[in-house]
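# Working through the structure, step by step
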Amino acid sequence: MLGATGTIGRATAAALVQRGHDVVCLVRAPADIPGVSIRQVDFADRASVARNGFAGERVDAVVSCMASRTGTPDDAWAIDHRAHCHVLDAAQAAGVAQFVLVSAICVQKPRLAFQHAKLAFEAALIASGLRYSIVRPTAFFKSLSGQIERVRRGKPFLVFGDGTLTACKPISDHDLAEYIADCLTDGSRWNRILPIGGPGPAITPRQQGEALFAMLGRAPRFSRVPVALLDTIAAALGLVGRIVPSLAVKAELARIGRYYATESMLVRDPATGRYDAEATPSAGTQTLFEYYRAVIDGAQPVERGDHAVF
Ligand SMILES: NC(=O)c1ccc[n+]([C@@H]2O[C@H](COP(=O)([O-])OP(=O)(O)OC[C@H]3O[C@@H](n4cnc5c(N)ncnc54)[C@H](OP(=O)(O)O)[C@@H]3O)[C@@H](O)[C@H]2O)c1
């Protein structure tokens, strides 16, 4: 397994262990993951991945939840593409038959460096001849929880436009992990690209805010942020970034924010460009609003996403 120290990776490692698999996690730094063996490798070095990771042993399948933590272009190409190519090479050399990859639903409309990096590895995996399952999830709960604390402190909920520009079908870490683990044994998920969301209808940012205010027993209060503001920031950073490289990175992060402010995390019809909640498959049982309730009650800590805009 790759990426077992991340949000979905930890949940997936637990789901694999719970199913009785013998799980070996390749990591870049020492880690503590219950029930698995840990091996430290240098993902930038193909030989290290083969020697220290696969170590000449029989391996049935690779499951990857690994991804750049920043989404910046260099990091995305290094991890989402090159590191995965090193693992794929080593897996093929070791006679591995199956590869389950967690990608992202947003690669349907690629505009950002990390999306192109993910697509390039998806293509390499499909071309490899290994049995593959490419899981493209919608939004995770952590990416939709950044405003719980500010709303609790009495501040308004921030939305782009009127808060209905986008929608998603959020999926919990646990439900997604179950779905990923079952890709190993469910033949209907082999050699397929699998968009997947959580249960229930699609939810807009405005509905997220309304639910939070209702749970806190307060009247809804929204602050509207114009999308044009993000365009201006991204354009300005992009210009200055041609001279100052660190600002080029910030420009890409602004473009990531702009993308999520305007694109739904749902299956998209390539012919019309429209996002379709009905066409977005659902899995699992846990809902975003149950999670919000658990966070408000103090039963659930919030993990912030690196790409969270607010
Ligand atoms: N957030 C969302 O709403 C969302 C929605 C759809 C799809 N996705 C996709 O789902 C996948 C999993 O996301 P996540 O939030 O679970 O990821 P995450 O918490 O950021 O974890 C990333 C994992 O990749 C590893 N990693 C990162 N850089 C590495 C490097 N240089 N060398 C070795 N390992 C490295 C991390 O290891 P360390 O612990 O050592 O950093 C960690 O195990 C990603 O592909 C993401 O794009 C996310």
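Up top is the structure.
Quick look at the structure, then. Source: prediction; values computed, not measured.

Let's shift gears to the overall build of the chain. Along the backbone of the chain there are ten helices and ten strands. Taken over C-alpha atoms, the radius of gyration comes to 20 Å for the chain, in line with the 19 Å a tight globule of 310 residues would show. Taken along its principal axes, the extent of the C-alpha atoms in the chain is 60 × 45 × 40 Å. Burial status across the chain gives 48% buried among its 310 residues. When contacts within the chain are restricted to residue pairs at least 6 apart in sequence, those whose partners lie at least 24 apart make up 72%. Summing over all exposed atoms, the chain offers an accessible surface of approximately 14200 Å²; the carbon and sulfur share of this is 54%. Between the averaged position of the 34 positive side-chain charges in the chain and that of its 29 negative side-chain charges there is a distance of 6 Å.

A few words on the state of the cysteines. For the structure shown, the criterion picks out zero disulfides. With no disulfide of its own, C168 lies closest to C106 among cysteine sulfurs, the gap being 12 Å. A relative accessible area of 5% means that C168 is categorised as buried. A disulfide-free cysteine, C183 has its sulfur positioned 10 Å from the sulfur of C65, the nearest such atom. Taking relative accessible area as the criterion, C183 reaches 0% and is therefore assigned buried.

All right, on to the layout of surface pockets then. Any empty space left between atoms is shown by rolling a water-sized probe over those atoms. A volume near 480 Å³ is recorded for the second largest pocket. Forming the boundary of the second largest pocket are 20 residues, of which D22, V24, V59, D60 and A61 lie nearest the centre. Taken together, the residues of the lining of the second largest pocket break down into twelve nonpolar, three polar and five charged.

Between the first and last C-alpha of helix 7 (residues 205-216) there are 17 Å, a value that for twelve residues agrees with the 16 Å anticipated at 1.5 Å per step. Those residues of helix 7 that sit buried are Q208, G209, A211, L212, F213 and M215. Looking at the buried side of helix 7, the elements it contacts are helix 5 (148-152), strand 6 (157-160), strand 8 (222-225) and helix 10 (288-296). One or two positions beyond helix 7, positive phi appears at G217, with a value near 70 degrees.

We now examine a nonpolar patch on the surface. Side chains of L239, V240, I243 and V244 sit close together on the surface and give an oily, nonpolar patch of about 370 Å² of accessible area. Residue classification places V244 among the partly exposed positions, given a relative accessible area of 33%.

Moving on, we come to the pairing of strand 3 (residues 61-64). Bridge analysis of strand 3 against strand 4 (residues 98-102) gives four bridges, and the strand direction is parallel. Bridge pairing in strand 4 places V62 opposite F99. Between the parallel pair strand 3 and strand 4, the chain is carried across by helix 3 (residues 73-93), and the sense of this crossover is right-handed.

Around the ligand there are 23 residues in total, and T5, R28, R69, K118 and K142 lie nearest to it. Within the backbone of F140, an N or O atom sits 2.9 Å from an oxygen atom of the ligand. For the ligand, the protein covers 85% of the area, taking 920 Å² as the surface of the free molecule. Of the residues in the shell around the ligand, the class split is twelve nonpolar, seven polar and four charged.

Going through the model one piece at a time under the given rule, you end up with one cavity of 30 Å³ or more. Its boundaries defined by the atoms lining it, the largest cavity holds a volume of some 50 Å³. Lining the largest cavity are M66, D80, H84, L101, V102, S103, K118 and F121. Within the residue set of the lining of the largest cavity, elements represented by two or more residues are helix 3, strand 4 and helix 4 (113-128). Among the residues forming the lining of the largest cavity, the class breakdown is four nonpolar, two polar and two charged.

Time to look at the sheet that holds strand 5 (residues 131-137). The strand order across the open sheet formed by four strands is 3-4-5-7, and the pairing between neighbours is parallel. Looking along the sheet, the strands with just one partner apiece sit at the ends: strand 3 and strand 7 (192-196). Strand-to-strand twist in this sheet, taken as the mean axis angle between neighbours without regard to direction, amounts to 10 degrees. With five bridges joining them, strand 4 and strand 5 adopt parallel strand pairing. In the sheet register, V102 faces strand 5, and the bridge partner there is V135. Packing against the sheet, helix 3 makes contact with strand 3 and strand 4, and its axis sits at approximately 165 degrees to strand 4. Where helix 4 meets the sheet, it contacts strand 4, strand 5 and strand 7, and its direction lies at approximately 155 degrees from that of strand 5.

The rules behind each value
The numbering scheme is per chain: residues are counted from 1 as the chain's sequence reads. Where totals are concerned, whole chains, interfaces and linings use all residues; where local detail is concerned, this predicted model gives features only for residues with pLDDT of at least 70, and gives and counts side-chain atom pairs only at 80 or more. Just so you know, side-chain values use all the structure's heavy atoms and leave hydrogens and water out. Numbering of helices and strands runs from the N terminus; a helix is a DSSP stretch of H or I covering at least four residues, while a strand is a stretch of E covering at least two. Atoms counted for the radius of gyration: C-alpha only. Globule rule: 2.2 Å times the number of residues to the power 0.38. In this scheme, a residue with accessible area under 20% of its type's maximum is buried, one over 50% is exposed, and one in between is partly exposed, where area comes from a 1.4 Å probe on protein chains only. Here, two residues are considered to be in contact whenever any of their heavy atoms come within 4.5 Å of each other. In short, Shrake-Rupley with a 1.4 Å probe defines the accessible areas, and a residue's cover is counted only from the protein chains shown. Here the positive residues are Lys and Arg and the negative ones are Asp and Glu; neither His nor the chain ends is included. Taken as the charge location is NZ of Lys, CZ of Arg, CG of Asp or CD of Glu. Note on terminology: pairs of cysteine sulfur atoms within 2.5 Å are recorded as disulfides. With a 1 Å grid laid over protein atoms only, a set of points is called a cavity when a 1.4 Å probe fits there but cannot get out and a pocket when it is open yet has protein on both sides within 12 Å along at least five of seven lines; lining residues have an atom within 4 Å of a point. Grid points are joined across faces, edges and corners, and a volume is the space filled by probe spheres set on the points. Throughout this entry, Asp, Glu, Lys and Arg are counted as charged residues, while Ala, Val, Leu, Ile, Met, Phe, Trp, Tyr, Cys and Pro are counted as nonpolar. The remaining residues, Gly among them, count as polar. Helices are assigned an expected span. That span is 1.5 Å times one less than the residue count. Patches here are clusters of residues that have more than 30% relative accessible area and form no salt bridge, with a 9 Å joining cutoff for like charges and a 5 Å cutoff for nonpolar side chains (Val, Leu, Ile, Met, Phe, Trp, Tyr). The salt bridge definition used is simple: a Lys or Arg side-chain nitrogen within 4 Å of an Asp or Glu carboxyl oxygen. Each pair of strands is called paired provided DSSP finds at least two bridges between the two strands. Handedness is read with the strands pointing away from the viewer; a crossover is right-handed when the path from the first strand over the helix to the second is clockwise. Any residue with a heavy atom lying within 4 Å of a molecule or strand is counted as near it. A 3.5 Å cut-off defines polar contacts: any pair of N or O atoms within that distance qualifies, except that in protein one atom must be a possible hydrogen donor and the other a possible acceptor, and neighbouring residues in sequence count only when both atoms are side-chain atoms. Here an angle of 0 to 180 degrees is reported between the N-to-C directions of two axes, which are lines fitted to C-alpha atoms, with helices fitted over the stretch in contact.

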